[in-house]
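What follows is the residue order along each chain.
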Amino acid sequence: LAKTTQPISMDSYEGQEVNITCSHNNIATNDYITWYQQFPSQGPRFIIQGYKTKVTNEVASLFIPADRKSSTLSLPRVSLSDTAVYYCLVARALLSGNTGKLIFGQGTTLQVKP
Amino acid sequence: KAGVTQTPRYLIKTRGQQVTLSCSPISGHRSVSWYQQTPGQGLQFLFEYFSETQRNKGNFPGRFSGRQFSNSRSEMNVSTLELGDSALYLCASSSIPGADTQYFGPGTRLTVL
């Protein structure tokens, strides 16, 4: 599976939009991009997943350019409770030999300040 | 629908002991995966079970083992504990094996003294 690279940490203020970019240069045709959020001493929580273009749900938006070598997680109007670690993962599509093994990188620690 | 539950939430053991951790997946989910999280190594995959069979295994020594029961509940066991086994052990469930969307429990914090 493609290795992902994302910033180690980011700071933001309440009410701002936060964009976290992830690089995955070696992404394969059958790979999906998935983002998880983790609060201290809790398990990761699925946020959003996409294959290409743009995906939006009630929590975030995911922007994926045509070459799919990067993706951007966008969190609108963050609050203090959005302070967490955000992981970008590349996961193989279920019918393409996915082993169910999620590979987590270091993640991006987002600190939201008042 | 209740989420993934893990017991116990906290555990303190001494070197050389063994420990068993339990995980109950979301109702209807038949696939369970285990992960170890440490500050140094981050989140690492341990193994995945489906229909009582180990489907995939990470790069951990044989001291780490697991099993799944017919009701999809899973246990993992660590024998001959070492200080380096201190970690947050996370269980995740999914409705089908190989799913890239997994639902994690709160974890069991294991401290080895």
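Just so we're clear, the structure is a prediction, and the values are computed from it rather than from any experiment.

(A) Region of interest: the sheet that holds strand β7 (residues 70–75) of chain A. Residues and elements named next belong to chain A. Here four strands make up an open sheet; going across it, the order is β2-β7-β6-β5 and the pairing antiparallel. Lying at the two open borders of the sheet, with one neighbouring strand each, are β2 (18–23) and β5 (53–56). Each strand of the sheet is rotated relative to its neighbour by a mean of 15°, with strand direction disregarded. Two strands pair when backbone bridges link them, and β5 and strand β6 (residues 61–64) are joined in this way by four bridges, in the antiparallel orientation. Along β6, the bridge assignment pairs T56 with S61.

(B) Representation of unusual backbone geometry. All names here are of chain B. With an omega of -10°, the peptide bond between T7 and P8 qualifies as cis. Structurally, the position occupied by P8 is in the loop between β1 (5–7) and β2 (10–13). Despite not being glycine, E52 shows a phi value in the positive range, around 70°. We note that S72 has phi near 80°; this positive angle belongs to a residue other than glycine. Residue S72 is classed as buried on the basis of its relative accessible area of 11%.

(C) Spatial organisation of the interface of chain A and chain B. If you look at the interface, chain A gives 20 residues, while chain B gives 22 residues. Taking both sides of the interface into account, the surface hidden between chain A and chain B amounts to around 1600 Å²; carbon and sulfur atoms contribute 51%. Scanning the region where chain A abuts chain B turns up zero salt bridges. Along the contact surface separating chain A from chain B lie four residue pairs in polar contact (both at pLDDT 80 or more). Secondary-structure elements contributing two or more residues to the side of chain A that touches chain B are β3 (31–38), β4 (45–50) and β8 (84–92) of chain A. Here the side of chain A that touches chain B gets four residues from one element, more than from any other, and that element is β3(A).

(D) Spatial organisation of the pairing of strand β6 (residues 53–57) of chain B. Residues and elements named next belong to chain B. Strand direction decides the pairing type here: strand β5 (residues 42–50) and β6, joined by four bridges, are antiparallel. For F47, the partnering residue across the bridge sits in β6 and is K57. In this structure, the hairpin formed by β5 and β6 is closed by a connection of two residues, where S51 is found at a positive phi of approximately 50°.

The rules behind the values
- Counting restarts for each chain, with residues numbered from 1 along the sequence as it is written.
- Ligands are numbered from 1 and chains lettered from A, in the order in which they are written.
- Thresholds applied to this predicted model are a pLDDT of at least 70 for local features of residues and 80 or more for the giving and counting of side-chain atom pairs; totals over whole chains, interfaces and linings are not thresholded and use all residues.
- Side-chain figures throughout are based on the complete set of non-hydrogen atoms in the structure, without hydrogens or water.
- Strand pairing is defined by DSSP finding a minimum of two bridges between the two strands.
- Labels follow the DSSP assignment, with helices taken as runs of H or I lasting at least four residues and strands as runs of E lasting at least two, numbered in each case from the N terminus.
- Lines are fitted to the C-alpha atoms to define the axes, a helix being fitted only along its stretch in contact, and any angle between axes, read from their N-to-C directions, falls within 0 to 180 degrees.
- For the exposure calls, accessible area comes from a 1.4 Å probe over protein chains only, and a residue counts as buried if that area is under 20% of its type's maximum, exposed if over 50%, partly exposed in between.
- Whether two residues are in contact is decided by their heavy atoms: any pair within 4.5 Å suffices.
- Here the quantity called buried area is the accessible surface, traced with a 1.4 Å probe, that two parts lose on coming together, added over both.
- Basic side-chain nitrogens of Lys or Arg form a salt bridge, by our definition, when they fall within 4 Å of a carboxyl oxygen of Asp or Glu.
- Counting of polar contacts relies on pairs of N or O atoms within 3.5 Å, with two restrictions inside protein: one atom must be capable of donating a hydrogen and the other of accepting it, and residues adjacent in sequence are counted only when both atoms are side-chain atoms.

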